[in-house]
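Tertiary structure, described
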Amino acid sequence: MASQAQTPKPDAVLAGYRKSIDNIDAALIHMLAERFRITQAVGEYKAESGLPASDPTREARQIERLRALAVDADLDPEFSEKFIRFVIDEVIRHHRRAAEK
Ligand SMILES: O=C(O)C(=O)C[C@]1(C(=O)O)C=C[C@@H](O)C=C1
């Protein structure tokens, strides 16, 4: 019986797919880094101006917009909402930390 610990033989088809996945993952990281770079500036601005860390009205608009974009792009809108919620919650955590400084 073949052991799962054996090194799999090279698979050019899978390697090609994985090259694309790696490029897409790298682009996602760069885009997220850019988004957090700008939200850091927003957090500093909000802290200086005494504005609240979160803006639920803006968030609701963003979620609705992204859900619609997801449907158009054949992406699960529930997933897109969970993803942006996760990102925004992290931004709010950063904003609150900036306001405490
Ligand atoms: O637009 C803002 O006011 C932000 O602080 C940015 C952001 C976001 O990450 O998109 C984060 C928190 C707010 O509740 C809404 C949106």
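What counts and what doesn't
- Residues numbered from 1 in each chain as written.
- Predicted model: local features only at pLDDT ≥ 70, side-chain atom pairs only at ≥ 80, totals over all residues.
- Heavy atoms only, no water.
- Salt bridge = Lys/Arg side-chain N within 4 Å of Asp/Glu carboxyl O.
- Helix = DSSP H or I, 4+ residues; strand = E, 2+ residues; numbered from the N terminus.
- Buried < 20%, exposed > 50% of the residue type's maximum accessible area, 1.4 Å probe, protein only.
- UniProt positions renumbered as here; feature names shortened; annotations may be inferred.
- Expected span 1.5 Å × (residues − 1).
- Contact = heavy atoms within 4.5 Å.
- Polar contact = N/O pair within 3.5 Å; in protein donor to acceptor, adjacent residues only side chain to side chain.
- Core = buried A, V, L, I, M, F, W, Y, C linked by side-chain atoms within 4.5 Å.

Turning our eyes to something else, we now look at the pattern of salt bridges. Under the criterion given, the structure shown has six salt bridges. Between R85 and D89 there is a salt bridge, and its shortest N-O distance comes to 2.8 Å. Residue R85 and its partner D89 are both found in helix α3 (residues 77-100); the two are separated by four residues, about one turn of the helix. Among the residues examined, R85 registers a relative accessible area of 26% and is labelled partly exposed. What makes D89 partly exposed here is its relative accessible area of 39%. Residues R93 and E90 are paired through a salt bridge, measuring 2.7 Å at the closest nitrogen-oxygen approach.

A few words on the UniProt feature "domain: Chorismate mutase" (unreviewed entry) in the chain. Sites flagged by UniProt as "domain: Chorismate mutase" (unreviewed entry) map to residues 8-99. Here residues 8-99 is 85% helix and 0% strand, with 52 Å between the C-alpha atoms at its ends.

If you trace the backbone, I21 turns up in helix α1 (residues 12-49). The class for I21 is partly exposed, based on a relative accessible area of 44%. Residues I21 and A5, 16 residues apart in the sequence, show an inter-C-alpha distance of 24 Å.

This paragraph deals with α1. Given 3.6 residues to a turn, an α-helix orients residues that are three or four positions apart in the same direction. When the terminal C-alpha atoms of α1 are compared, their 55 Å separation across 38 residues agrees well with the 56 Å that a helix rising 1.5 Å per residue should span. Where α1 is buried, its residues contact α3. For α1, the capping residue at the N-terminal end is D11, with a side-chain oxygen 3.0 Å from the backbone nitrogen of V13. In the segment just after α1, G50 is the residue with positive phi, at about 70°.

Counting five residues, the largest nonpolar core is built from A53, I63, I84, I88 and I92. Each residue touching A53, except ones within four places of it in the same chain, is listed here: K46, I92, H95 and R96.

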